[in-house]
Amino acid sequence: MPDDSAGADAGADRAGTVEPDATDDDPTVDADALADTARRAVETGGDYLREAFADGGTAADYTAKDVKAEADREAERRVLDAIADAHPDHRISAEESGDHDGDGAYRWVVDALDGTNNFAAGIPTFGVAATACDRAGPDGPENRPVATAVHVPVLDDTYVATRGGGVEYNGTPVAVTDGPTLPAEKATVGMIIGPEVVSGGAERREWDAITDAVEEVPKRAIQMWAPVVYWGLLARGKLEGFVCYYPAEREQVAGSLLAGEAGAVAHSGGPLTVFGADREIRDALFDAATGALAE
């Protein structure tokens, strides 16, 4: 998880920024090649989802807290096939089918339909994400994003980011400063939660307190059901901030790389991470959230 809490005032506040030679442990695969695989994979899955959505969706199973659609499994199969065709030795962690073994240098994290509730309800806000990760240190977990791609099928938009290489939106470089610079009180920010919060209990009560406090800061705070779509908006300057509480890995690895490589600044504390287009917005959101938790 990106965190500049210790070094923000020393200039170390590019979320997710690391040395650009981090993929040298596998000279056969560089970040650009991984990004190209990710782009092809998410666009392949997205082509299927766009057609299925236009046809009225697919069969789905509903619970009180989630929905699973046939489209999840079908899109995932296409995304995984594209990754395996290019890198058959890489490990993959996918939302629907779980973990797939391999002995390569990278692990892929895949969410082939982020926003299933929206898809099933006929709301065109959903996306596909695939992220290649390496180890955070010799014995660390394989959760440090190297390259990612996010595709928004209905809009036919694609975001691609590489560690140390910036972000492209439909082939054009973008940054969080590409939009107007707004003060915190005029900002629009996204808010996302993970399964621990959805399940209820203390985490849910904490999130409710965070929500009440954070909503007092910007003009608008959006509770999101398709985070990867909004991570793309942050990366090209359409949102000014993000508040994440117990975020799910499958969206967060993609989002943190998009945000960091687009120039967002981050601050983390436990399960809370806040991103901002600048320090003023980030600090205002983080202070509001942590203040609510302290009460």
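Residues numbered from 1 in each chain as written. Predicted model: local features only at pLDDT ≥ 70, side-chain atom pairs only at ≥ 80, totals over all residues. Heavy atoms only, no water.

A. Expanded view of unusual backbone geometry. The phi dihedral of asparagine 170 is positive, around 50 degrees, even though this residue is not glycine. Mapped onto the elements, asparagine 170 comes out in the loop between strand E9 (166–169) and strand E10 (172–174). The phi dihedral of tyrosine 246 falls on the positive side, at around 50 degrees, and the residue is not glycine. Tracing the backbone shows tyrosine 246 in the loop between strand E13 (241–245) and helix H7 (249–261). For tyrosine 246, a relative accessible area of 24% translates into the label partly exposed. (Helix = DSSP H or I, 4+ residues; strand = E, 2+ residues; numbered from the N terminus. Buried < 20%, exposed > 50% of the residue type's maximum accessible area, 1.4 Å probe, protein only.)

B. Up close: the confidence of the model for the protein. Looking at the protein as a whole, the pLDDT averages 88, with 87% of positions reaching at least 70. Counted against residues more than four places away or in other chains, residues 1–25, with its pLDDT under 50, gives 61 contacts. (pLDDT = per-residue confidence, 0-100. Contact = heavy atoms within 4.5 Å.)

C. Highlighting the sheet that holds strand E5 (residues 107–114). Ordered by their spatial adjacency, eight strands build an open sheet running E4-E3-E5-E6-E7-E8-E9-E10, and the pairing between neighbours is mixed. With partners counted over all chains shown, the strands left at the sheet margins are strand E4 (98–100) and E10, one partner each. Ignoring strand direction, the axes of neighbouring strands in this sheet form an average angle of 20 degrees. As paired elements, strand E7 (residues 144–152) and strand E8 (residues 157–162) share six bridges and run antiparallel to each other. (Pairing = 2+ DSSP bridges. Axes fitted to C-alpha atoms, helices over the stretch in contact; angles between N-to-C directions.)

D. The nonpolar core, seen in detail. Residues Leu49, Val79, Trp108 and Val110 are the most contacted members of the largest nonpolar core, which totals 34 residues. Elements represented by at least two residues in this core include exactly helix H1 (31–54), helix H2 (70–86), strand E3 (91–94), E5, strand E6 (127–134) and E7. If one sorts the elements of this core by residue count, H1 sits on top with 10 residues. Of all hydrophobic cores here, the second largest spans 31 residues; its members include Tyr159, Tyr169, Tyr230 and Leu234. (Core = buried A, V, L, I, M, F, W, Y, C linked by side-chain atoms within 4.5 Å.)

E. Focus on the pattern of salt bridges. A complete count under the given rule lists 16 salt bridges for this structure. The shortest N-O distance in the salt bridge between arginine 91 and glutamate 142 comes to 2.2 Å. One end of the pair, arginine 91, is in strand E3; the other, glutamate 142, is in the loop between E6 and E7, and 51 residues separate them in sequence. When its relative accessible area of 17% is taken as the criterion, arginine 91 is described as buried. Taken together, the shared-partner salt bridges in this structure form one network comprising Asp36, Arg39, Arg40 and Glu43. (Salt bridge = Lys/Arg side-chain N within 4 Å of Asp/Glu carboxyl O.)

F. Layout of the pairing of strand E11 (residues 188–193). With five of six residues buried, E11 lies mostly within the body of the structure. One ladder, built from four bridges, connects E11 with strand E12 (residues 220–223); its direction is parallel. From the neighbouring strand, glycine 190 faces E12, where its bridge partner is isoleucine 222. Two elements, E11 and E13, share five bridges in a ladder whose sense is parallel. Bridged to glycine 190 within E13 is phenylalanine 242.

G. A look at H7. Between its first and last C-alpha, H7 extends 18 Å over 13 residues, near the 18 Å set by a 1.5 Å rise per residue. The buried fraction of H7 is high, at 11 of 13 residues. The set of residues buried in H7 consists of Glu251, Gln252, Val253, Ala254, Gly255, Ser256, Leu257, Leu258, Ala259, Gly260 and Glu261. Positive backbone phi, at 100 degrees, marks glycine 263, one or two positions downstream of H7. (Expected span 1.5 Å × (residues − 1).)

H. Representation of the sheet that holds strand E14 (residues 265–269) within the structure. Sheet architecture is open: five strands sit in the order E12-E11-E13-E15-E14, paired in mixed fashion. Strands with a single pairing partner mark the edges of an open sheet, and in this sheet they are E12 and E14. Recorded for the sheet is a direction-independent mean angle of 15 degrees between the axes of neighbouring strands. Across the sheet, helix H6 (residues 227–235) is in contact with E11, E12, E13 and strand E15 (272–276); its angle to E13 comes to roughly 145 degrees. Helix-sheet contacts for helix H8 (residues 279–294) involve E11, E13, E14 and E15, and the interaxial angle to E15 is about 155 degrees.

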